[in-house]
Amino acid sequence: MISLKKMNQPQDTVYEQFEDLAQQQETYVLGMWSFLVTEVMFFGVMFMSYIVYRWKYQPYFYALHKELDWRIGGINTAILLASSFSVALAVHYHQRKKKMNVLVCLGFTNLCAISFIVIKLLFEYIPKWNHGHYPGPGFTWDNPYVPSHIAQLWFSLYFGTTGLHGLHVLIGVILFSVLMYLIAVDHPSISDYLPTEMLGLYWHFVDIVWIFLYPLYYLMPK
Amino acid sequence: MSEHAHEHSHHITPISTLVKTLLLLGVLMVTTIAWAQIAPSALKDVPPALASLINNLIAMGIAFIKAVAVILIFMGVKYQSSIVKLYAALGFLWFTLMFIMFADYGTRHWEAVRGWTPGVKQMAMPRADEPYEEGMPPRKDIKIPDEHH
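Residues numbered from 1 in each chain as written. Chains lettered and ligands numbered in written order. Predicted model: local features only at pLDDT ≥ 70, side-chain atom pairs only at ≥ 80, totals over all residues. Heavy atoms only, no water.

**Student:** Tell me what's going on with the pattern of salt bridges, and back it up with residues and numbers.
**Tutor:** Residues and elements named next belong to chain A. Evaluation of the coordinates by the stated rule reveals three salt bridges over all chains. Between lysine 99 and aspartate 186 there is a salt bridge; the shortest N-O distance is 3.2 Å. Within this pair, whereas lysine 99 is found in helix α4 (residues 99-130), its partner aspartate 186 is found in the loop between α5 (148-184) and α6 (194-218), the two being separated by 87 residues in sequence. The buried category is assigned to lysine 99, whose relative accessible area is 0%. The closest approach of N and O atoms between lysine 120 and glutamate 124, which form a salt bridge, is 2.4 Å. Pair noted here: lysine 120 and glutamate 124 are both in helix α4, with a separation of four residues, about one helical turn. Comparing lysine 120 with glutamate 124 shows no difference in burial state: the two are buried. (Salt bridge = Lys/Arg side-chain N within 4 Å of Asp/Glu carboxyl O. Helix = DSSP H or I, 4+ residues; strand = E, 2+ residues; numbered from the N terminus. Buried < 20%, exposed > 50% of the residue type's maximum accessible area, 1.4 Å probe, protein only.)

**Student:** How would you explain the interface of chain B and chain A if you had to name every residue and give the values?
**Tutor:** The interface of chain B with chain A comprises 53 residues on the first partner and 58 residues on the second. For the pair chain B and chain A, the summed buried area comes to about 4,900 Å², and 77% of that belongs to carbon and sulfur atoms. Where chain B meets chain A, there are zero salt bridges. Where the side of chain B that touches chain A is concerned, the elements lending two or more residues are α1 (15-42), α2 (48-74), α3 (82-97) and α4 (99-107) of chain B. The element best represented in the side of chain B that touches chain A is α2(B), accounting for twelve residues. Of the residues contributing to the side of chain B that touches chain A, the split by class is 36 nonpolar, 14 polar and three charged. (Contact = heavy atoms within 4.5 Å. Buried area = accessible area lost by both parts, 1.4 Å probe. Nonpolar A, V, L, I, M, F, W, Y, C, P; charged D, E, K, R; others polar.)

Written out as structure tokens, the structure reads:
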């Protein structure tokens, strides 16, 4: 019988290639951080292209940032910060082996992630698409103060960067759902708190990317 | 921690620390939004270049503090070993090094690009196989192949 109250986990196992539990756990965390370094490099070039073009077209970029609503971005920032907190809480409870609390925290995180995507689609991507504000041959632009090709450049950067970030959020939703299922059924692959910790690290990274994207795109300083 | 005496290998971050970090992040988020709203009027009499510098430093400074808080507390790097700390710093070190690339963009002349720079029909440096036309910049180092015509 599967209980929702307690983690039905074996005692932490040390696999033969490791000296002790501490070394084993450090290896997992280090592996995750290596992956996150590649992610920093991945997003780094997106930020770099933003910086290069903003440096060149600063007045236009400032005019273009008014196409975005800082309130929508602010709500999404608050959602991501709250979800980052709840996933840190999930790791805390998983270390204390409180199954129900872990599931509630992960569920809340997942709900936040889904709300983030829904808000982004309903209030940003779909209205922009309907106004023809997507780069390409169908681009429609009627602001005489900003040349159309620079507006397209800006929207390319915007859709590219926030789209890549949104894809990471979507991957997070899938992974959180799988993790919640595995924890709920006491799957043998969840032998300790580290799967939650790994996914937590990934999620915090997604949060950090947004921490920088939000001021750069929504609150662009003049 | 007596009930976890067998698990000395990992640190459990107390809930109070997590809550304090969340509050700090919330306060910083409100600060950066509030500053973005009042900055245009607050810096009305400041020269634009200086105002831009101040705004960018505030926005990116706050984002940096928020990121450091998330990395140290939520991601638990503060409680990890030195090698994990090194890896955590590595990505951001690489990002700093990337600014050398930016110096390259910033100090070079940007070539006119056909279809991008308004009014420019030809590239500053045409491809070698491109037939020479009236109005193109002279090509000293490329021999124009006549047999193409």
